[in-house]
Amino acid sequence: DELSNGRFNLGLGAGATDFLGWIGIPQERPLAAMRESITVLRRLLAGERVAYDGAFVKGWTDEAYLRLPVRPRRIPIYLGAMSARMLGLMGEMADGGLPLLFPPEHLANVMPLVRRGAERAGRDWQTLDLAGCVWCSISDDREAATDALKEKIAYYGHALSPLIMRQLGLSARDFEAIRQAVVVEGDLLKGKALVSEAMLKIGIVGTAADVIRRLEGLVQLGARHLSFGPPLGPDPLAAIEVLGQKVIPYFATR
């Protein structure tokens, strides 16, 4: 926060069971982990001594405090989320959110869950900065753009939440062969070849015009902030130029 002159946002996420398992970290009670982490971080960043003994943050005494001057600015905490309960927690406790919008139109399901969480806590949900995360693969070469998106779906698809799976009309069973290829056999090319047309709906593929057309629908659903995530395209730098020169200016002038 010091280095960025007060522009830092702290992002937290519970992670996916499979990926945490690769490095030997068990995922136990992820909702409690996020709730307690946000609670103690807020108090630490406010300069408090934090004695806390919960389900995830265990055995802290009042020797838990920042050993450096507290910044006068309240650092915003953003929560990444896929599941219904985590999206509710986003509305209840976070300053901002990074909901995964797979497909982008999933925003229609996300917003009511965040709103209900905020209402339970007596908060105005519209004060939250919801930066909806969309995957896009941008290129005039549609085949190359599709291939780049397939690679991401093959790697991450099996870890998506049931909520997202239902939105796509899919289930974990549909990703099992891909998971076997990528996670068990270590064959990403094989997994990529198994990605179906239904799975490709997770993201946006095509030109700036294609991206704008899909995002128009999100604006109508109430989107005010979007985060463009990987793969971006077969040439990420070229895709960033398209986003910066064509897509963002289009919406900034509206």
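Model, not experiment: these values are computed from the prediction.

### Points about the overall build of the protein chain
Phase 1: Tallying secondary structure elements over the protein chain gives eleven helices and seven strands in all.
Phase 2: Scaling as 2.2 N^0.38, a compact globule of 254 residues should have a C-alpha radius of gyration of about 18 Å, and the protein chain matches this with 20 Å.
Phase 3: Its C-alpha atoms put the protein chain at 55 × 45 × 35 Å along the principal axes.
Phase 4: Put simply, the protein chain has 254 residues, and 42% of those count as buried.
Phase 5: On the protein chain, roughly 13,500 Å² of surface is accessible, and the fraction owed to carbon and sulfur atoms is 54%.
Phase 6: Taking the average place of the 30 positive charges on the side chains of the protein chain and the average place of its 29 negative ones, the gap between the two points comes to 5 Å.

### Brief notes about the sheet that holds strand β7 (residues 226-232)
Phase 1: In space, the three strands of this open sheet follow the order β6-β5-β7, with parallel pairing throughout. The sheet is open, and its two borders are formed by β6 (204-206) and β7, each paired with just one other strand. Geometrically, the sheet is characterised by an average inter-axis angle of 30 degrees between neighbouring strands, direction not taken into account.
Phase 2: Bridge analysis of strand β5 (residues 132-138) against β7 gives five bridges, and the strand direction is parallel. The residue bridging G132 from the neighbouring strand is L226, located in β7.
Phase 3: Docked against the sheet, helix α10 (residues 208-221) engages β5, β6 and β7, running at close to 150 degrees with respect to β6.
Phase 4: On top of the sheet, helix α11 (residues 236-252) reaches β5 and β7; it is set at about 150 degrees to β7, its chief contact.

### Quick word on the side chain of D210
Phase 1: You can see D210 is positioned in helix α10.
Phase 2: Classification of D210 as buried rests on a relative accessible area of 13%.
Phase 3: A distance of 2.8 Å separates a polar side-chain atom of D210 from the backbone nitrogen of T207.
Phase 4: Beyond its immediate chain neighbours, meaning those up to four positions away, D210 contacts R142, I204 and V205.

### Section: helix α5 (residues 142-156)
Phase 1: Over its 15 residues, α5 runs 21 Å from end to end, which matches the ideal 21 Å to within 8%, given 1.5 Å per residue.
Phase 2: Of all the positions in α5, only A145, T146, A148, L149, I153 and A154 are classed as buried.
Phase 3: Packed against the buried residues of α5 are β5, α7 (176-184), α8 (188-193), α9 (197-200), β6 and β7.

### Considerations on the packing of aromatic side chains
Phase 1: Enumeration over the complete set of coordinates arrives at eight aromatic pairs.
Phase 2: Relative to Y155, the ring of F19 lies with its centre 5.9 Å away and its plane at 10 degrees, an arrangement referred to as stacked. Linking F19 in helix α1 (residues 17-22) with Y155 in helix α5, this pair joins segments that are 136 residues apart in sequence.
Phase 3: With a centroid separation of 4.9 Å and an interplanar angle of 85 degrees, the aromatic rings of Y250 and F251 are classed as edge-to-face.
Phase 4: Through a chain of ring-to-ring contacts, the aromatic side chains of F19, W22, F102, W135, Y155 and Y156 assemble into a single cluster.
Phase 5: For R49, the ring lying beneath its charged end belongs to Y65, and the centroid distance is 4.1 Å.
Phase 6: In this structure, R67 is placed above the aromatic ring of Y65, and the distance from its NZ or CZ to the ring centre is 3.7 Å.

### Examining the pairing of strand β2 (residues 77-81)
Phase 1: Most of β2 is tucked away: four of the five residues are buried.
Phase 2: Pairing geometry for strand β1 (residues 10-12) and β2, over three bridges, is parallel. Bridge pairing links L10 to I77 in β2.
Phase 3: As for the winding sense of the linkage, the β-α-β connection from β2 through helix α3 (residues 84-93) to strand β3 (residues 96-99) is right-handed.

So, how was this worked out
Residues numbered from 1 in each chain as written. Predicted model: local features only at pLDDT ≥ 70, side-chain atom pairs only at ≥ 80, totals over all residues. Heavy atoms only, no water. Helix = DSSP H or I, 4+ residues; strand = E, 2+ residues; numbered from the N terminus. Rg over C-alpha atoms; globule rule 2.2 N^0.38 Å. Buried < 20%, exposed > 50% of the residue type's maximum accessible area, 1.4 Å probe, protein only. Areas by Shrake-Rupley, 256 points an atom, 1.4 Å probe, with all protein chains shown as cover. Lys, Arg positive; Asp, Glu negative; His and termini not counted. Charge placed at Lys NZ, Arg CZ, Asp CG, Glu CD. Pairing = 2+ DSSP bridges. Axes fitted to C-alpha atoms, helices over the stretch in contact; angles between N-to-C directions. Contact = heavy atoms within 4.5 Å. Polar contact = N/O pair within 3.5 Å; in protein donor to acceptor, adjacent residues only side chain to side chain. Expected span 1.5 Å × (residues − 1). Phe/Tyr/Trp six-rings, centres within 6.5 Å; stacked < 30°, edge-to-face > 60°. Lys NZ or Arg CZ within 6 Å of the ring centre and 35° of its normal. Right-handed = clockwise from strand over helix to strand, strands pointing away.

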